[in-house]
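So you can see what is in the structure, the chains are spelled out below.
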Amino acid sequence: MAAEIQAPVEVTTCLPGAVPIGGRVGTLTVTPRGDMFYIEDVYRALGKVLVEAGVHLINEGALPDADEAGEG
């Protein structure tokens, strides 16, 4: 039995007014509970990676400023 599952996570985002940004955002890691892997553990790990990626995109300025978003 594997000690854990690891898989790369890649996303691309293209929000209105933003330049498409994409790439590898992290690695999903899931460890078994007992002898089994559970899908809810996979979803929880994926959610964590996506939240961290979203925070990074916001911090890097991938989203337009509020003033810019209202224009056009």
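Everything here concerns the structure above.
Residues numbered from 1 in each chain as written. Predicted model: local features only at pLDDT ≥ 70, side-chain atom pairs only at ≥ 80, totals over all residues. Heavy atoms only, no water.

Visitor: What's the story with helix 1 (residues 39-59) in this structure? I'm lost.
Guide: Because each turn of an α-helix spans 3.6 residues, side chains separated by three or four positions end up pointing in the same direction. An ideal rise of 1.5 Å per residue puts 30 Å on 21 residues; helix 1 measures up with 30 Å between its terminal C-alpha atoms. Within helix 1, burial applies to D41, A45, V49 and A53. Along helix 1, the residues classed as buried sweep out an arc of 110 degrees about the axis, all on the same side. Exposed residues lying more than 90 degrees from the buried face of helix 1 are Y43, R44, V51 and I58. Buried residues along helix 1 sit in contact with strand 1 (5-13) and strand 2 (21-30). (Helix = DSSP H or I, 4+ residues; strand = E, 2+ residues; numbered from the N terminus. Expected span 1.5 Å × (residues − 1). Buried < 20%, exposed > 50% of the residue type's maximum accessible area, 1.4 Å probe, protein only. Arc of directions from axis to C-beta. Contact = heavy atoms within 4.5 Å.)

Visitor: Explain the pattern of salt bridges here, please?
Guide: Where charged atoms from two side chains of opposite charge come close, those side chains can pair. Following the criterion strictly, the structure yields three salt bridges and no others. Between R33 and E40 there is a salt bridge; the shortest N-O distance is 3.1 Å. The partly exposed category is assigned to E40, whose relative accessible area is 38%. Members of the salt-bridge network, linked through shared partners, are R33, E40, D41 and R44. (Salt bridge = Lys/Arg side-chain N within 4 Å of Asp/Glu carboxyl O.)

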